[in-house]
Amino acid sequence: MGQKKNLTGSEKSKIVRYLAEGCSSLKIAKLLKRDHRTIKRFIQNSQQGRKKRVEKPRRKITAHELRKVKRAAAKMPLATSLAIFQSCNITGVPKSTRCAILRDMAKVRKAERRPPLNKTHKLKRQDWAKKYLKTDFSKVLWTDEMRVSLDGPDGWARGWIGKGQRAPVPLRRQQGGGGVLVWAGIIKDELVGPFRVEDGVKLNSQSYCQFLEDTFFKQWYRKKSASFKKNMIFMQDNAPSHASKYSTAWLARKGIKEEKLMTWPPCSPDLNPIENLWSIIKCEIYKEGKQYTSLNSVWEAVVAAARNVDGEQIKTLRESMDGRLLSVLAKKGGYIGR
C-alpha cells in the first residue's frame, strides 16, 4: 500500500479513538486504508513532539546589509526579526536565518516559567486526558476570558535588543491604565465573540451568568439548531465564578449539564486551545510595543485582530487537541508545549 498525502484531521481523531480502544498501529492502518508507516509516524510525533529541524545553509548577508540590520535593531527595540529585516528592505530570508544573524548582535527577552505542577495536578490531568480520548473535539466549545490593558501585559512584550542598547521605558500608568476584560469561545472553525465585559464589573458567579445570558446565549447560542445544542460540549476553566455551585446550577437549567459540561483539570491553560488564540490576538494588538490611550481604543484593536483570525487557524487549534491528550499522557501529566 503506497503512502498518500498527510493525514486529515478526521483521520487523526480516528487514530486516537482506535488507540484508546486498544487497537495496534497495524490494525489502525488497515481500518483507515493508510500506509502503516504513516500511522506510526503520527503516533510517534504526537508522543515525542516535533523533531529538531536540521540546520540548512544560511542565505548570505552582505556586510552592508548586516550593518543596516544592526542599526535597525537598535532603532526598533522589541520588534520581531521580520519587522527588522523588512525595515532594511531585506527579503527572502527565512526566520531561522534572521534569528541566527540577530543572535550575534542582540538578544530576546524570555517569558517567565509556569508554576510547577504537584502530584495531584498531574494525576488529574492524566485522568482528564483518558476520559476525553474518544471525544469528537469539533463539538466542544472552548471558552475563556482575557484581560487586555492599555500598556500591554507586564513582562510580556519581548523582541530583539541590540547589544549595548537598553530596552525602552514604555509609558507606565497606575494599574496599567486600566483594562478591558474579554470573553470568547472557539468551536469547530468558528470564533464566538469576542464579547466585552462591562467596565467596572467584577465577575462573580451572578455577574458571570448574567454576562453569558446577555452575550453568548442571546447573541449566538439561541440561533443554533436543536441538534447542535444537543451535541455541543461546553468547556470552561475552574475560575471561582465558573465552577461555583450557583454557576453550575444555572448552566444546568440552560441544558448544559453532566456530559455536556466538560470537567477541567487544575492548572491546565496549556490544554485549552483558546489560549493560543489569545496569543495571536495579543501579538497583533501589542506588536512593536504599541500602547493605547483609552479602553475603547484597545477594545477596537481586539475586535479588529479577532476579525482577522480565519477559520483555518481556529480549525488548526481544535485539531491539535488529539496530540495534546497524547502528549499529556506521555509526559505523565506534565506541562506540554502549546
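Scoring rules and cut-offs
Residues numbered from 1 in each chain as written. Predicted model: local features only at pLDDT ≥ 70, side-chain atom pairs only at ≥ 80, totals over all residues. Heavy atoms only, no water. Phe/Tyr/Trp six-rings, centres within 6.5 Å; stacked < 30°, edge-to-face > 60°. Helix = DSSP H or I, 4+ residues; strand = E, 2+ residues; numbered from the N terminus. Buried < 20%, exposed > 50% of the residue type's maximum accessible area, 1.4 Å probe, protein only. Lys NZ or Arg CZ within 6 Å of the ring centre and 35° of its normal. Axes fitted to C-alpha atoms, helices over the stretch in contact; angles between N-to-C directions. Parallel < 35°, antiparallel > 145°, perpendicular 65-115°, else oblique. Left-handed = near helix turned anticlockwise from the far one by under 90°. Contact = heavy atoms within 4.5 Å. Nonpolar A, V, L, I, M, F, W, Y, C, P; charged D, E, K, R; others polar.

- As recorded by an unreviewed UniProt entry, the chain carries the name Tc1-like transposase DDE domain-containing protein and is attributed to Oreochromis niloticus.

## Let's talk about the packing of aromatic side chains
So, step 1. For the structure shown, the criterion picks out 15 aromatic pairs.
So, step 2. When the ring of Trp 183 is compared with that of Phe 216, the centres are 5.7 Å apart and the planes differ by 55°; the resulting orientation is tilted. Here Trp 183 is found in strand β4 (residues 179–187), whereas its partner Phe 216 is found in helix α8 (residues 205–219), with 33 residues between them in sequence.
So, step 3. When its relative accessible area of 0% is taken as the criterion, Trp 183 is described as buried.
So, step 4. Assessed through its relative accessible area of 0%, Phe 216 is described here as buried.
So, step 5. Seen in terms of ring centroids, Phe 216 and Tyr 221 are 5.5 Å apart; in terms of plane orientation they differ by 35°. Their pairing is tilted.
So, step 6. Ring pairs connect the aromatic residues Trp 183, Phe 195, Phe 211, Phe 216, Phe 217, Trp 220, Tyr 221, Phe 228, Phe 234 and Trp 250, which therefore count as one cluster.
So, step 7. Positioned above the aromatic ring of Phe 228, the side-chain terminus of Lys 224 is 5.4 Å from the ring centre.
So, step 8. Directly above the ring of Phe 217 sits Lys 254, whose terminal nitrogen or CZ lies 5.0 Å from the centroid.

## What about unusual backbone geometry?
So, step 1. Here the bond from Gly 193 into Pro 194 is cis, since omega is 5°, no more than 30 degrees from zero.
So, step 2. Within the element layout of this structure, Pro 194 appears in strand β5 (residues 190–196).
So, step 3. Even without being a glycine, Asn 89 presents a positive backbone phi close to 60°.
So, step 4. Relative to the helices and strands, Asn 89 resides in the loop between α5 (81–87) and α6 (95–103).

## Some remarks on the packing of α8 against helix α11 (residues 245–253)
So, step 1. α11 packs onto α8 with a crossing angle of 30° between their chain directions and a minimal axis gap of 8 Å. As judged from the angle between their axes, α8 and α11 are roughly parallel. Our pair here, α8 against α11, has a crossing hand that is right-handed. Counting all contacts with α8, which are made through Ser 205, Gln 206, Tyr 208, Cys 209, Leu 212, Glu 213 and Phe 217, the residues of α11 involved are Tyr 246, Ser 247, Trp 250 and Leu 251.
So, step 2. In the contact of α8 with α11, the residues fall into 7 nonpolar, 3 polar and 1 charged.

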